[in-house]
Amino acid sequence: MRRLAIVILMSVPLFAGGVFAQQKAGKDNVYEELNLFDQAFERIRQDAVDPVTDAKLIGAAIAGMLSGLDPHSSFIDEAAFKASQKPANDDAATLGLAITIESGQLKVISPQDGSPAAQAGIRPGDVIFTIDNEPVYDLTLGEAEQKLRGQTGSEIRLTLRRGAEKPIDLTLKREAYKLQTVVGRVEAGNIGYLRIAGFDGGTQAALAAAVQDLRQKTGSKPIGFILDLRNNPGGAFDAAVAVADAFIDKGDIVVVKGRKPTSVKRVSATPGDVANGLPLVALVNGGTAREAELVAGALQDNHRAVLLGSKTFGESSIESVIPLSDGGGAIRLTTARFTTPSGREIQGKGLDPDLAVTSLKLARLAQGQMRREADLPGALKNPDQAGGKLPADAPPGATPTPAPEEAPAVATEDMGSANDEQLVQAIDVLRGLSMFNRRAAG
């Protein structure tokens, strides 16, 4: 067993958020530190009041190492990993929630458009306290996601907390619905509105079809397009690249950086612009995350769109699922992050819009609810972001506390409606850009 522990835990100095890493100072051999693990392992096996299997201890140790890295790395046990390798069951259904764990709390990043969660009124920033009357404080992210899944039509009971409001009890039915990642309609007679709610294998074709449909509905005379990326939690990386590429004729789309300085990959656009150079306005907010930020950053850096709204979530990590040998399950490990084409870091910082538009109503609804990636415990740091100052009496090892930022507007009640103040502003900006372009051309 000692050999197994050493093989599996060669990364043990990272365990428990760096505890062993601190102990490493002054030691000459990593095996001295592994001996500490071996001692703890044996004492637990011998003296724990309830017997525990070796497999459970090893799994808990691996999970502990990963949880000390960042909010997105995790251990996938053998049963869960095998289940993930099987084709999707027709009876399997979800609530359509993108979730994360923050300080032990299960929080909503965003509900998917048209999902049971969205129809029930769940909002970004809501905290889930119980699932089917069982507390969730000790669940991993993978375990929580598994609990939210179930058979089509089955009921699930959630207890939520929203800011300072009283707990909210909801009973929802799981549905095997298909997210419609692209929805288009005509606004103000001659403006194409494109709601992009996520990214999957069909998004690129759906976008091209929606643009063609909007051209026909405007008599082939649209003055521009609005891309609504608000409350878009991301999705398939390649699909997001394809969406950005659809509007960018030349230039870089994204830069992917691994651990080594030499492992940098630049992804460039291919010729062609589905909008034929017409002006674009992209709507973003605190629920615009991951691959949606990739698209927004590419459009902004290439001066292809005006970003309007509020600061984005700030998550650009890329996870890899790495199987372990001998049926040991797998690990989900953050192995890279992406930046904008100009090299701007998104991780822990987010993207600032070119035009900040946050209605008072949205700000009030968002206050105290939504956290960004930088607020999550163990979040990957932005290497370009300067830290704050420490007080003179700060203890050793303390880290600066960044200045508080205005809460992002992420409420969904008015999105896409006549009361959507950000959409109204986007229409005005697009009209102005179109007028400017016509005068410049004339």
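Residues numbered from 1 in each chain as written. Predicted model: local features only at pLDDT ≥ 70, side-chain atom pairs only at ≥ 80, totals over all residues. Heavy atoms only, no water.

**Regarding the packing of aromatic side chains**
- One pass over the structure, following the stated rule, counts two aromatic pairs.
- Pairing Phe-37 with Phe-41 gives two aromatic rings, centres 5.7 Å apart and planes at 35°, and the pair type is tilted. Of this pair, Phe-37 and Phe-41 both sit in helix α3 (residues 30-47), separated by four residues, roughly a single helical turn.
- Judged by relative accessible area, Phe-41 falls into the buried class, the value being 4%. (Phe/Tyr/Trp six-rings, centres within 6.5 Å; stacked < 30°, edge-to-face > 60°. Helix = DSSP H or I, 4+ residues; strand = E, 2+ residues; numbered from the N terminus. Buried < 20%, exposed > 50% of the residue type's maximum accessible area, 1.4 Å probe, protein only.)

**Some remarks on unusual backbone geometry**
- Despite not being glycine, Asn-133 has its phi angle at roughly 65°, a positive value.
- Structurally, the position occupied by Asn-133 is in the loop between β5 (127-131) and β6 (134-135).
- Accessibility expressed as a relative area gives 55% for Asn-133, which makes it exposed.
- Even without glycine at this site, Asn-276 takes up a positive phi of about 55°.
- Relative to the assigned elements, Asn-276 resides in the loop between β14 (264-268) and β15 (280-284).

**Observations regarding the sheet that holds strand β19 (residues 355-356)**
- Taking strand neighbours across the sheet as the criterion, the six strands line up as β10-β11-β12-β15-β16-β19 in an open arrangement whose pairing is mixed. Since the sheet does not close on itself, it has two edges, and those belong to β10 (182-187) and β19, each with one partner.
- The pairing of β15 with strand β16 (residues 306-309) spans four bridges and is parallel. The residue bridging Leu-283 from the neighbouring strand is Leu-308, located in β16. (Pairing = 2+ DSSP bridges.)

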